[in-house]
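# Structural characterization, general
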Amino acid sequence: MIVWPAAPYLAWARSRPAARYDLAASDLLPVTAHEWPAMCVPAGDDGDGDGADLEAALAAAIAAHAGVSRDRVVTAVGASGANFLALAALVRPGDAVLVEDPGHLPLAAACRLFGAEVVALPRRAPDGYTVEAEAIAAALTRRTRLVVLSRPHNPSGALLGTRALEAIADVAERARVHVLVDEVYLDTLGGASLAPAAVVSERFISTSSLTKAYGLVGVRCGWALAAPGVAARMRAARAVVAPAAARSSGLALRAFADLALLADRARRIIVSNRSHLERRLAGRDDLAWMAPGGGTVAFPRLLRVTDVDAFVDRLLVEHHTAVIPGRFFGHPQHVRVAFGTGAEELARGLDALATALDAAAHVETAHR
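This text gives an overview of the structure that appears in the document. Computed from a predicted structure; not experimentally measured.

## Points about the environment of L87
Tracing the sequence through the fold places L87 in helix α3 (residues 78–90). In this structure, the C-alpha to C-alpha distance between L87 and R123, residues 36 residues apart in sequence, is 22 Å. Each residue touching L87, except ones within four places of it in the same chain, is listed here: L107, A110, C111, F114, L146 and L180.

Laid out in structure tokens, this is it:
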């Protein structure tokens, strides 16, 4: 039997018991109808009858939001769907793809699904999880077709600035490779939002959605920004695997009309929660971590826990709190902690994490 490389992570995510305090899911706290009444508008009241017109209007709204021309926009089912379309357009069996490490496992798995060889591109904690253009250049070969990054980085929250992107773009242009940049967390920066990578260079493909930064989990509105030729190839792939969903497109259009309201709500949640997370983790000497520059996740290393998987299991069973074990990002001494949830859930989850860490330190000391 052939096992898809992402199967262990997906099996864990789908089969783990529900947590009272879920710090594993990285979605922003879902928007309620009280916060955004447009959610309650009946389906027939927004012109849902013509899917093609809705898709065109949605693509135009995305283009305006991103500051690009309409021919550079590809709509998709979530950011994961957009990533899949980019890979379908660019990757062929036998190609080599550089994928950041640590990184989101399904991205590397999707590359392998298309028959590519995945080559790790290290993003190291001592270097602030940055990516140097020189390191990319050194790792390229004649078979390299694509480089895959996230911005902000999943799982650390490290942020690549415009200068870093420009240097990477120069390398990509000389080597004639493309760079897929998953920017699903980029809009969590609020007023400090940076331009999408695809605005910096036509060698970049930016992907995003309304889920992580705006709390619209059920809308499943994702998109990619790419050079017109690449975008056309992605649309051809979409026609085969993911036809448009008119109902989702109509709701997404309402979201873009009210994006300032949704962005302000998101900013207040994220700023407050990030501050709380930093206060709770900063003073601990049993963690090594970097405060995230963006996004809704952090990636601390557990310094006094021998078996992180067992620790994560105990945290869930004994303290009803979920985090993601770092092995799913290729770094088994870490855990990924999400902080986009409600303030009370975050506070109680961090209390439980602190209690479990204290207990683990006590056990470790007793065994010495």
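## Here's the deal with a nonpolar patch on the surface
Together, F84, L113, V240 and V241 line one region of the surface with nonpolar side chains, adding up to about 380 Å² of accessible area. Within the fold, V241 resides in helix α8 (residues 228–241).

## A look at the sheet that holds strand β3 (residues 96–101)
The strand order β2-β8-β7-β6-β5-β3-β4 describes an open sheet built from seven strands, whose pairing is mixed. This sheet does not close on itself; its edge strands, each paired only once, are β2 (73–77) and β4 (117–122). Taken pair by pair, the neighbouring strands of this sheet meet at an average axis angle of 25°, ignoring direction. Strand direction decides the pairing type here: β3 and strand β5 (residues 144–150), joined by four bridges, are parallel. If you follow A96 over to β5, its bridge partner there is T144.

## Thoughts on the pattern of salt bridges
The full count for this structure, using the stated rule, is 15 salt bridges. A salt bridge links D27 to K212; the nearest nitrogen and oxygen atoms lie 2.8 Å apart. Highlighted residues: D27 in the loop between β1 (21–22) and α2 (51–66) and K212 in the loop between β7 (204–209) and β8 (221–225), separated in sequence by 185 residues. According to the relative accessible area criterion, D27 is partly exposed, its value standing at 25%. Exposure remark for K212: the relative accessible area of 18% places this residue in the buried category.

## With respect to α8
If you check α8, its first and last C-alpha atoms are 20 Å apart, about what 14 residues at 1.5 Å a residue would give, namely 20 Å. Within the sequence span of α8, burial applies to V230, A231, M234 and A237. Along the long axis of α8, the arc covered by the buried residues comes to 120°, so they all point the same way. Projecting away from the buried face of α8 at angles above 90 degrees are the exposed residues A239 and V240. Packed against the buried residues of α8 are β2, α3, β6 (178–182), β7 and β8.

## Notes on the nonpolar core
In this structure, L87, V91, V97, L146, V148, I205 and M234 are the most contacted members of the largest nonpolar core, which totals 27 residues. Counting only elements with at least two residues in this core, the list comes to β2, α3, β3, α4 (105–113), β5 and α8. For this core, the element with the most residues is α3, which contributes six residues. If we ignore the near neighbours within four places in the chain, the residues touching V148 are V97, L98, V99, E100, L107, C111 and L180.

## Overview of the side chain of T211
On the secondary structure map, T211 appears in the loop between β7 and β8. Here T211 is in contact with D27, L28, L216, V217 and R220, once residues within four sequence places are set aside.

## What to know about the sheet that holds strand β14 (residues 335–338)
Ordered in space as β10-β14-β13, the three strands form an open sheet in which the pairing is antiparallel. Every interior strand has two partners, whereas the edge strands, β10 (297–298) and β13 (324–325), have only one.

Calculation rules
- Residues numbered from 1 in each chain as written.
- Predicted model: local features only at pLDDT ≥ 70, side-chain atom pairs only at ≥ 80, totals over all residues.
- Heavy atoms only, no water.
- Helix = DSSP H or I, 4+ residues; strand = E, 2+ residues; numbered from the N terminus.
- Contact = heavy atoms within 4.5 Å.
- Patch = residues over 30% accessible without salt bridge, like charges linked within 9 Å, V, L, I, M, F, W, Y side chains within 5 Å.
- Areas by Shrake-Rupley, 256 points an atom, 1.4 Å probe, with all protein chains shown as cover.
- Salt bridge = Lys/Arg side-chain N within 4 Å of Asp/Glu carboxyl O.
- Pairing = 2+ DSSP bridges.
- Axes fitted to C-alpha atoms, helices over the stretch in contact; angles between N-to-C directions.
- Buried < 20%, exposed > 50% of the residue type's maximum accessible area, 1.4 Å probe, protein only.
- Expected span 1.5 Å × (residues − 1).
- Arc of directions from axis to C-beta.
- Core = buried A, V, L, I, M, F, W, Y, C linked by side-chain atoms within 4.5 Å.

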